[in-house]
Amino acid sequence: MDWTPWGELSPTFRLDARVLRELLDGGQAFRWYETDGVWTGVWDSWLVRLRLNAAHCLEWSGPNDVGQSTACALKDYLALGEDWELAVDNMPWRSDPVLARLMEQWRGLRILRQPLEETLLTFLCSSTKQIPQIKQICTDLAQVFGSPLHEGVNRLPNWEQLYAATEDDLRACRLGYRARYIKGTAQHLAQHPGWLDDLEQLPYPEARAKLMALPGVGGKIADCVLLFGARRLEAFPVDTWILKAMSRQYALSGWSHEQIAHFGRVHFGAGAGLAQQYIFAGERSR
DNA sequence: TGACAGGGGGTGT
DNA sequence: ACACCCCCTGTC
């Protein structure tokens, strides 16, 4: 594989290695792997390498044959154009010392802008799975059903390709009972072309309910898809980590997932999903 | 070393 | 509340 020379991505986006790991491999995306400080990742039709330089800025390198276009795609993926300082400042850190401390500890953490259909797929694979297992499933799915990208690297299959797969072939990718959900969702999407198109325009409750109509998508996965795949920062996914963290830090023991999700959206407001990412990072590193 | 519980970042009934 | 399916882990 021929790679472009390393180039600096943005002089203003600084973060340390610990935050970079959390950003790329902390449960938002599942196709990033690190070797000797170099992260290699795939999303959509993009393949890229990332590393941190001495000034804590990101450097990138992509396949030579697509030239500089990788940098544009990467800036969008990492949401460099978004005003994160404003989003972060709008969170209620002034009255919430728990949040204020986490924001200090995970400076630079943000929400990736991932393709919607891919995000739906990866989070459909995620239930009762840990990150390494989800990554393995994604690798399998790409290898078996996805289209080739660059020498031995495939992109994730689209829903048409998944629809063409048999449930048994899906099961062979370690999906277990999730294979049925993926097959069902693929069927639904095949029967309703453009079904996901209005998702980003829909008010949050409607968008969430719409996703939950898909087999295998409950409240948590719907929120992950909206937050990571549809740029809906008000979505507040509640998994067992968030449940544990919120119960302890906000004295909400005994509250249900849905109750905590509602609390999160009310307490943290428009940037609830971003707050969730900080709480998640903090809980995971305990 | 091999077998065998136990359990997991969730959803559906 | 419990099954669902697979994989990983810890234990004997």
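A quick note: this is a predicted structure, and the numbers were derived from the prediction, not measured.

Cut-offs used in this document
Residues numbered from 1 in each chain as written. Chains lettered and ligands numbered in written order. Predicted model: local features only at pLDDT ≥ 70, side-chain atom pairs only at ≥ 80, totals over all residues. Helix = DSSP H or I, 4+ residues; strand = E, 2+ residues; numbered from the N terminus. Rg over C-alpha atoms; globule rule 2.2 N^0.38 Å. Buried ≥ 20, exposed ≤ 12 C-beta atoms within 10 Å, placed from the backbone. Contact = placed C-beta atoms within 7 Å. Domains from an automatic or database assignment. Nonpolar A, V, L, I, M, F, W, Y, C, P; charged D, E, K, R; others polar. Pairing = 2+ DSSP bridges. Expected span 1.5 Å × (residues − 1). Arc of directions from axis to C-beta.

So, the overall build of chain A
Moving on, step 1. Assigned secondary structure in chain A consists of 14 helices and 7 strands.
Moving on, step 2. Its C-alpha radius of gyration of 19 Å places chain A within 12% of the 19 Å reference for a compact globule of 286 residues.
Moving on, step 3. In terms of overall dimensions, chain A has a C-alpha envelope of 50 × 45 × 35 Å along the principal axes.
Moving on, step 4. Across the 286 residues that make up chain A, the buried fraction comes to 38%.
Moving on, step 5. By sequence separation, contacts in chain A at least 24 residues apart represent 65% of the contacts at least 6 residues apart.

What about the domain arrangement of chain A?
Moving on, step 1. As assigned here, chain A comprises domain 1 (7-81) and domain 2 (116-229).
Moving on, step 2. Listed as interface residues are 11 residues of domain 1 and, on the opposing side, 11 residues of domain 2.
Moving on, step 3. In the side of domain 1 that touches domain 2, the residues fall into 5 nonpolar, 3 polar and 3 charged.

Notes on the environment of Trp39
Moving on, step 1. Looking at the secondary structure, you find Trp39 in strand S3 (residues 38-43).
Moving on, step 2. Residues Trp39 and Tyr250, 211 residues apart in the sequence, show an inter-C-alpha distance of 35 Å.
Moving on, step 3. Among residues more than four places away in sequence, those in contact with Trp39 are Leu24, Trp32, Glu34, Arg49, Leu50 and Arg51.

A word on the pairing of strand S2 (residues 32-35)
Moving on, step 1. Here 4 bridges tie S2 to S3, and the two strands are oriented antiparallel to one another. When the bridges of S3 are listed, Trp32 appears paired with Gly41.
Moving on, step 2. Taken together, S2 and the strand that follows it, S3, pair antiparallel across an intervening segment of 2 residues, in which Asp36 is found at a positive phi of about 50 degrees.

Description of the environment of Arg180
Moving on, step 1. By the secondary structure assignment, Arg180 is in helix H9 (residues 178-191).
Moving on, step 2. When the C-alpha atoms of Arg180 and Gly216 are compared, they prove to be 8.4 Å apart, with 36 residues separating the residues in sequence.

Concerning helix H5 (residues 116-124)
Moving on, step 1. Most of H5 is tucked away, with 7 of its 9 residues classed as buried.
Moving on, step 2. Taken together, the buried positions of H5 are Glu118, Thr119, Leu120, Leu121, Thr122, Phe123 and Leu124.
Moving on, step 3. Looking at the buried side of H5, the elements it contacts are S3, helix H6 (131-145), H9 and helix H11 (219-229).

Details of helix H13 (residues 257-268)
Moving on, step 1. Spanning 12 residues, H13 covers 16 Å between terminal C-alpha atoms, matching the ideal 16 Å at 1.5 Å per step.
Moving on, step 2. All of the buried residues in H13 are Ala261, Gly264 and Phe268. What you see down the axis of H13 is that its buried residues fit within an arc of 65 degrees, all on one side. Opposite its buried face, H13 presents the exposed residues Glu258 and Val266, each directed more than 90 degrees away.
Moving on, step 3. On the buried face of H13, the contacting elements are H11 and helix H14 (272-284).
Moving on, step 4. In the stretch just after H13, Gly269 is the one whose phi turns positive, near 75 degrees.

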